[in-house]
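Report on the structure
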Amino acid sequence: MTTPLAAKIAREYGTPVAVVDMERVERNIARIQATCDEAGVANRPHIKTHKSPVLAKLQIAAGARGITCQKLGEAEVMAEAGIDDILISYNLLGEEKMARLGALQAKANVTVAADNPVVVASLTLAAAASGRPLSVVVECDTGRRRAGVETPGEAVALAREIASSDGLSFAGFMLYPTESGWAEAQTFYDEALAGVRSLGLDAAMVSTGGTPNLKNIGKLKGATEHRPGTYIYNDRMQVAAGVATWDDCALNIYSTVVSRAGPDRGILDAGSKTLTSDTGGGLDGHGLIIEHPQARIARFAEEHGFLDLTRSNMRPAVGDVVRIVPNHVCVVVNMMDEVVMVRGEEIVGTLPVAARGKLR
């Protein structure tokens, strides 16, 4: 069954297409800003989900303290749009990036993360190029085993190195605790803070992260801000994590059923180049079809989404346009040049994904 709005979008834009419900976006922004305010921490949203200066400015207008970017190219897009307070939460290395970071730092207030001395040494080049001090936070591994120093002692040593490096200023700590590891993160942070204070330094910025951690926001004593990203759109992962409902999922992929070659199977025109192969941490299938929640998007080819309909009482017909909640919305958005915006049953325009593909 195709809704009237889905039929209209398919006629005007074709499928597959990403469609964003702006009323849900605005509701999500307001809800999480209120959550941060109530917890007494600033909201520094991560733009890797939407990659749009327009939406970043909506978040800032609602009360967010600047933004977070994962890559330098994203930060350049945001600064070009006039956003001034940017945390780049990723190790940056190399002369090319340092020249770009120096140019960015000359026109916007930028803080960067580092977890090793090689990165710190490289950052001095950017500071010299910008002509003003560059703020650096120490990234700490508090259980995810991704990036970050592994011990409080390493955090203190790196803070000392930052503070003693020409053009760099130690700004504090950046953490991304696991959803169940906040007590351990507190122990790590307390030891690291005591260590830097013994050096005559302090941590003005203590940044925690993640939409799945919104249920833990404020639990780290001393935290000054939080970095949620996915909350603006939400997805199956956030619903599974218990931090969003289906009504909070603001982005859907509209896709057409193009084949029903067998009674228990079918093909969508959205394959891996649209929905991506991200399993969302082990979710069943590759997205939730709103009209047919018992159906499974079982596997992909590049332009084919393979439907398993064995559990479905109602089955789509060829030509039906269905709405899909992605497993992981961030990687799906990065596949799109633009998204279609709607309010209720009305199409209100398109929004460029301005920082799409900024991998450097």
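Everything below is about the structure printed above this text.
Residues numbered from 1 in each chain as written. Predicted model: local features only at pLDDT ≥ 70, side-chain atom pairs only at ≥ 80, totals over all residues. Heavy atoms only, no water.

1. Observations concerning the overall build of the protein
- Assigned secondary structure in the protein consists of 11 helices and 17 strands.
- Its C-alpha atoms put the protein at 70 × 40 × 35 Å along the principal axes.
- By the burial criterion, 54% of the 360 residues in the protein qualify as buried.
- A fraction of 68% describes how many contacts in the protein between residues 6 or more apart in sequence connect residues 24 or more apart.
- With the model as given, the accessible surface of the protein reaches about 14700 Å², and the carbon-plus-sulfur share is 51%.
- Computed over 37 positive and 42 negative side-chain charges, the separation of the two mean positions in the protein equals 2 Å. (Helix = DSSP H or I, 4+ residues; strand = E, 2+ residues; numbered from the N terminus. Buried < 20%, exposed > 50% of the residue type's maximum accessible area, 1.4 Å probe, protein only. Contact = heavy atoms within 4.5 Å. Areas by Shrake-Rupley, 256 points an atom, 1.4 Å probe, with all protein chains shown as cover. Lys, Arg positive; Asp, Glu negative; His and termini not counted. Charge placed at Lys NZ, Arg CZ, Asp CG, Glu CD.)

2. What to know about the pairing of strand β1 (residues 17-21)
- Counting buried residues in β1 gives 5 out of 5 residues, a clear majority hidden from the surface.
- Both faces of β1 are covered, namely the face carrying V17, V19 and D21 and the face carrying A18 and V20.
- The pairing of β1 with strand β10 (residues 251-262) spans 4 bridges and is antiparallel. What sits directly across from V17, in β10, is Y254.
- Pairing between β1 and strand β16 (residues 338-343): 3 bridges, direction parallel. (Pairing = 2+ DSSP bridges.)

3. Some words on the pairing of β10
- As paired strands, β10 and strand β15 (residues 321-325) are joined by 4 bridges and run antiparallel to one another. Residue pairing across strands places I253 opposite I324, the latter belonging to β15.
- Here 3 bridges tie β10 to strand β11 (residues 265-268), and the two strands are oriented antiparallel to one another. Considered in β11, the bridge of G262 is made with R265.
- Hairpin connection between β10 and β11: a loop of 2 residues separates the two successive antiparallel strands.

4. Considering the packing of aromatic side chains
- Counted under the stated rule, the structure contains 2 aromatic pairs.
- Taken together, a centroid distance of 5.5 Å and an interplanar angle of 70° make the contact between F170 and F173 edge-to-face.
- Looking at F173, the relative accessible area reads 1%, which means it is buried.
- Here a set of aromatic residues connected by ring pairs shows up, and it is made of F170, F173 and Y189.
- Its guanidinium or amino end placed over the ring of Y90, K71 lies 5.0 Å from that ring's centre, counting from NZ or CZ.
- Geometry around Y176 places R144 over its ring, the cationic atom sitting 3.8 Å from the centre. (Phe/Tyr/Trp six-rings, centres within 6.5 Å; stacked < 30°, edge-to-face > 60°. Lys NZ or Arg CZ within 6 Å of the ring centre and 35° of its normal.)

5. Examining the environment of G266
- By secondary structure assignment, the location of G266 is in strand β11.
- On the accessibility criterion, G266 (5% relative accessible area) is buried.
- Separated by 51 residues in the primary sequence, G266 and A317 place their C-alpha atoms 8.8 Å from one another.
- G266 has contacts with S259, R260, G305, F306, L307 and L309, leaving out every residue within four places of it along the chain.

6. Points about the sheet that holds strand β5 (residues 109-114)
- Overall, parallel pairing links the 8 strands, which are arranged β2-β9-β8-β7-β6-β5-β4-β3 in an open sheet. In this open sheet, the two strands that pair with only one neighbour each are β2 (42-43) and β3 (67-69).
- Where strand β7 (residues 168-175) lies against strand β8 (residues 205-209), 3 bridges are found, and the strand directions are parallel. Pairing of F173 across the sheet is with V206, part of β8.
- Where helix α5 (residues 95-107) meets the sheet, it contacts β4 (85-88), β5 and β6 (134-140), and its direction lies at approximately 140° from that of β5. (Axes fitted to C-alpha atoms, helices over the stretch in contact; angles between N-to-C directions.)

7. Some remarks on the nonpolar core
- Residues I88, L101, L123, V138 and F173 are the most contacted members of the largest nonpolar core, which totals 57 residues.
- It is helix α8 (residues 182-198) that contributes the most residues to this core, 7 residues altogether.
- Apart from the residues lying within four places of it in its own chain, the contact partners of F173 are V137, V138, C140, A155, Y189, A192, L193, V196, A203, M205, V206 and S207.
- Core analysis: the second largest hydrophobic core is formed by 32 residues, I29, I297, F300 and I324 among them. (Core = buried A, V, L, I, M, F, W, Y, C linked by side-chain atoms within 4.5 Å.)

8. Overview of unusual backbone geometry
- Between T15 and the following residue, P16, the backbone shows a cis peptide bond with an omega angle of 0°.
- Structurally, P16 is set in the loop between α1 (4-13) and β1.
- For K51, which is not glycine, the phi dihedral falls at a positive 55°.
- With respect to the element layout, K51 can be found in the loop between β2 and α3 (53-61).
- With a phi angle near 60°, R145 is a residue other than glycine that sits in the positive phi range.
- In this fold, R145 is placed in the loop between β6 and α7 (152-163).
- Judged by its relative accessible area of 62%, R145 is exposed.

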